[in-house]
Amino acid sequence: MTTYLPGVSGTDPGAVYAAAVRQLADAGFGPDDIVHVTQYVTRAGGAVDVHRVPVSVVPVAGFPDPAHTFGVELVAHPGGGTVIDTGDGGVLRIAGDLVHLPSVHTTTGEFRDQYRWCLTRIGELLAHAGLGLDALVSTTDFTATATRAEYPRCGRPRRELLGPVFPGAAGILVDTPVAAGAAVSIAALAGLGPLRPVNPGWARYDTLTYQPGVVAGNTLVMSGFGALDPATQLAVHDGDLVAQAAFIYDNIDLVAPDARVTRILEYVTPAGLADYDKLAAMRTERYPDAAVTSVVCSALLRPEFLIEVVPTAVLA
């Protein structure tokens, strides 16, 4: 079974990786079992080379510990899954029902051009596994706060290139780009076999290019959830991080009522950071089996949001 490990952060990348590998060993895995690495970096060019494993380089504003500057999150699967070379020195890994890819970005063109390039590049990578963009189960976009007004322009390339089952999605605002000139970077995940969208009945998704969740095999990969009322499309609990998180967790439970949440990734804004430690007990009570990774972003797509939560679950 694919296992998610909680994120580890610190000031020295070597020490962070060593701590992550120790955590991996505690879970009964070794380095050869790693199928994906996420590196959370606070500066452009801050990534570390990792051999023969797909790496998503995610720009962040920081971590709950303000002294930390670098983080790592590992995903493991017994035997390391199946390795597929992409012909340019990169790899994909197929583990269970999922296909793990590296994140992608370009520094050429305007925002929408870069967004389309990223999706096209993801399609090229998936072709090495005999798949297309219709296999995507999730995308996470990382853009600067200045792109907030421009962000709806990504809807057109998504509608033209993705589907018929649109993947889950999250949009995170980070003012330090992954590389100078990169207006957007995208981390994506694909699935094998038929994909099934999951929607508890929220009509707003009928016109959107993403779903609340997508099932591949027995894995439910969900979108990022903010404190948005699905019926009214209005932000709720303005300024109250704890209330926003409780509302989000309730909505996650509506999407995954019969699933076990195994991973929670939380993006918290600087305005919500002071109260973030108040979520620990509530989150543990609701999702005792979840590996939790917490990072600080510059902002979220709705300025009222203090937190966005991206969960993954296993169907019962």
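Residues numbered from 1 in each chain as written. Predicted model: local features only at pLDDT ≥ 70, side-chain atom pairs only at ≥ 80, totals over all residues. Heavy atoms only, no water.

A. Region of the structure containing helix α4 (residues 241-255). A rise of 1.5 Å per residue sets the reference length of α4, with its 15 residues, at 21 Å; its end C-alpha atoms lie 21 Å apart and thus fit the reference within 8%. Buried within α4 we find L241, A243, Q244, A245, F247, I248, Y249, N251, I252 and V255. Next to the buried residues of α4 lie β13 (195-198), β15 (219-222), β16 (259-268), α5 (280-286) and β19 (307-315). (Helix = DSSP H or I, 4+ residues; strand = E, 2+ residues; numbered from the N terminus. Expected span 1.5 Å × (residues − 1). Buried < 20%, exposed > 50% of the residue type's maximum accessible area, 1.4 Å probe, protein only. Contact = heavy atoms within 4.5 Å.)

B. Region of the structure containing the pattern of salt bridges. Tallying each qualifying case throughout the model produces 12 salt bridges. With a shortest N-O distance of 3.2 Å, R153 and E150 are connected by a salt bridge. Accessibility expressed as a relative area gives 26% for E150, which makes it partly exposed. Ionic pairing is found between R286 and D250, a salt bridge with its closest N-O pair at 2.7 Å. (Salt bridge = Lys/Arg side-chain N within 4 Å of Asp/Glu carboxyl O.)

C. Representation of the environment of A227 in the model. With respect to the helices and strands, the residue A227 is situated in the loop between β15 and α4. Taking the C-alpha atoms as reference points, A227 and I307, 80 residues apart in sequence, are found 7.8 Å from one another. Sequence-distant contacts of A227, that is, excluding residues within four places in its chain, are made with L234, A235, V236, Q244, F247, I248 and F305.

D. Broad picture of empty space enclosed by the protein. Applying the stated criterion to the full structure yields one cavity of 30 Å³ or more. Taken as a whole, the largest cavity encloses approximately 390 Å³ of empty space. Along the walls of the largest cavity sit 29 residues, with S138, T140, A187, L189 and R263 positioned nearest its centre. With four residues, strand β10 (residues 136-143) is the single largest residue contributor to the lining of the largest cavity. Split into classes, the residues belonging to the lining of the largest cavity amount to 17 nonpolar, 10 polar and two charged. (1 Å grid on protein atoms, 1.4 Å probe; cavity = no way out; pocket = protein on both sides within 12 Å on 5 of 7 lines; lining within 4 Å. Points joined across faces, edges and corners; volume = space filled by probe spheres on them. Nonpolar A, V, L, I, M, F, W, Y, C, P; charged D, E, K, R; others polar.)

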